[in-house]
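# Breakdown of the fold
Residues per chain are reported as follows:
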Amino acid sequence: GDSVTQTEGLVTLTEGLPVMLNCTYQSTYSPFLFWYVQHLNEAPKLLLKSFTDNKRPEHQGFHATLHKSSSSFHLQKSSAQLSDSALYYCAWKDTGNTGKLIFGLGTTLQVQP
Amino acid sequence: EAAVTQSPRNKVTVTGGNVTLSCRQTNSHNYMYWYRQDTGHGLRLIHYSYGAGNLQIGDVPDGYKATRTTQEDFFLLLELASPSQTSLYFCASSGGLSNERLFFGHGTKLSVL
């Protein structure tokens, strides 16, 4: 069935190093993909969303590229900051307009000094 | 910024108890969602709705009922609460277009003893 997969539960890295969080999807249709971020004791909020015209979304130094050939939407940043420590969710929404939004299991990013 | 308000923020009940979680959005959004968040399981969709009187079943609906009384108000009902329903519950709303973001409430922490 339709799903989104995040393979890493926890990613720990040192400040200044590049970040890549993996997200792959399985879908009957071409979906919309999103990245949500949740800081400690806060609600999730949108970080990035895919576009239909192959533009690469960017926000707060993060970017992600939708690759339909590999069914992926990996989140990347060139240099991690301590404030990037948070829980990151990849999410999938079908284009059939059912309104259903499915989240992956989430990846916790811990950035150390 | 769109507003989604959940109440109560914290709730403790006993096994077999009756609990109602409330959510109100003032965004004029069509879609509203109830998710539960548990470590190791991410955000899981319980029920959602695309308008007053409408209800759609999510991925983990067992033990939960929901009702959308108005465009603004969406309720989650646990009529015979069990310890397995101890969780952090998030309500969210969106306009409904496929690439529209979700706006989350701050969550309700429910403990079933």
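Residues numbered from 1 in each chain as written. Chains lettered and ligands numbered in written order. Predicted model: local features only at pLDDT ≥ 70, side-chain atom pairs only at ≥ 80, totals over all residues. Heavy atoms only, no water.

### Re the pairing of strand E9 (residues 87–94) of chain B
Residue and element names in this part refer to chain B. The element E9 is largely enclosed, with a buried count of seven among its eight residues. In this sheet, strand E11 (residues 108–112) lies alongside E9 in antiparallel orientation, the contact comprising three bridges. Its bridge partner being in E11, serine 87 is matched across the sheet by leucine 110. Note: E9 against strand E10 (residues 103–104), two bridges, orientation antiparallel. In the strand pairing of E10, alanine 92 is matched with phenylalanine 104. (Buried < 20%, exposed > 50% of the residue type's maximum accessible area, 1.4 Å probe, protein only. Helix = DSSP H or I, 4+ residues; strand = E, 2+ residues; numbered from the N terminus. Pairing = 2+ DSSP bridges.)

### Considerations on the pairing of strand E5 (residues 32–38) of chain A
Residues and elements named next belong to chain A. Most of E5 is tucked away: seven of the seven residues are buried. Burial along E5 is two-sided: Phe32, Phe34, Tyr36 and Gln38 facing one way and Leu33, Trp35 and Val37 facing the other are all buried. Here seven bridges tie E5 to strand E10 (residues 86–93), and the two strands are oriented antiparallel to one another. Within E10, the residue paired with tyrosine 36 across the bridge is tyrosine 89. In the sheet, E5 pairs with strand E6 (residues 45–49) via four bridges, with the strands oriented antiparallel.

### A word on the state of the cysteines
Tallied over the entire structure, the rule returns two disulfides over all chains. Residue pairing for cysteine 23 of chain A: its cysteine sulfur links by disulfide to cysteine 90 of chain A, the two sulfurs lying 1.9 Å apart. The disulfide joining cysteine 23 of chain A to cysteine 90 of chain A has a torsion of about -60 degrees about its S-S bond and is therefore left-handed. Note that cysteine 23 of chain A is positioned in the loop between strand E3 (19–21) and strand E4 (24–26) and cysteine 90 of chain A in strand E10, a separation of 67 residues in sequence. In this model, cysteine 23 of chain B is linked to cysteine 91 of chain B through a disulfide, with the two sulfur atoms separated by 1.9 Å. Disulfide cysteine 23 of chain B-cysteine 91 of chain B: the torsion about the S-S bond is -75 degrees, which places it as left-handed. You can see cysteine 23 of chain B sitting in strand E3 (residues 19–25) and its partner cysteine 91 of chain B sitting in strand E9, a full 68 residues away along the chain. Since its relative accessible area comes to 2%, cysteine 23 of chain B is described here as buried. Since its relative accessible area comes to 0%, cysteine 91 of chain B is described here as buried. (Disulfide = S-S within 2.5 Å.)

### Here's the deal with the sheet that holds E3 of chain B
All names here are of chain B. Strand order in the open sheet made by the four strands is E1-E3-E8-E7, with antiparallel pairing throughout. With one partner strand each, in any of the chains shown, strand E1 (4–7) and strand E7 (65–68) form the two edges of the open sheet. Adjacent strand axes in the sheet meet at a mean angle of 15 degrees, parallel and antiparallel pairs treated alike. Pairing geometry for E7 and strand E8 (residues 73–78), over four bridges, is antiparallel. Along E8, the bridge assignment pairs alanine 66 with leucine 76. (Axes fitted to C-alpha atoms, helices over the stretch in contact; angles between N-to-C directions.)

### Considerations on the side chain of aspartate 73 of chain B
Residues and elements named next belong to chain B. Along the chain, aspartate 73 turns up in strand E8. Accessibility expressed as a relative area gives 11% for aspartate 73, which makes it buried. A distance of 3.0 Å separates polar atoms of two side chains, one belonging to aspartate 73 and the other to threonine 70. With residues up to four places along the chain from it excluded, the contact list for aspartate 73 reads Cys23, Arg24, Met32, Thr67 and Arg68. (Polar contact = N/O pair within 3.5 Å; in protein donor to acceptor, adjacent residues only side chain to side chain. Contact = heavy atoms within 4.5 Å.)

### Looking at the packing of aromatic side chains
Per the counting criterion, the structure on display carries 15 aromatic pairs over all chains. With 6.0 Å between their ring centres and 80 degrees between their planes, tyrosine 36 of chain A and phenylalanine 104 of chain B make a pair best called edge-to-face. A residue pair is termed interchain when its members come from two chains, as with tyrosine 36 of chain A in strand E5 and phenylalanine 104 of chain B in strand E10. With 6.2 Å between their ring centres and 45 degrees between their planes, tyrosine 35 of chain B and phenylalanine 104 of chain B make a pair best called tilted. Placement of the pair is tyrosine 35 of chain B in strand E4 (residues 31–38) and phenylalanine 104 of chain B in strand E10, with a sequence separation of 69 residues. With respect to burial, tyrosine 35 of chain B and phenylalanine 104 of chain B carry one shared label: buried. Within the aromatic cluster, the residues linked to one another by ring pairs are Phe34, Tyr36, Tyr89 and Phe103 of chain A together with Tyr31, Tyr33, Tyr35, Tyr48, Tyr50, Phe90 and Phe104 of chain B. (Phe/Tyr/Trp six-rings, centres within 6.5 Å; stacked < 30°, edge-to-face > 60°.)

Nothing here speaks to function; it is all geometry.
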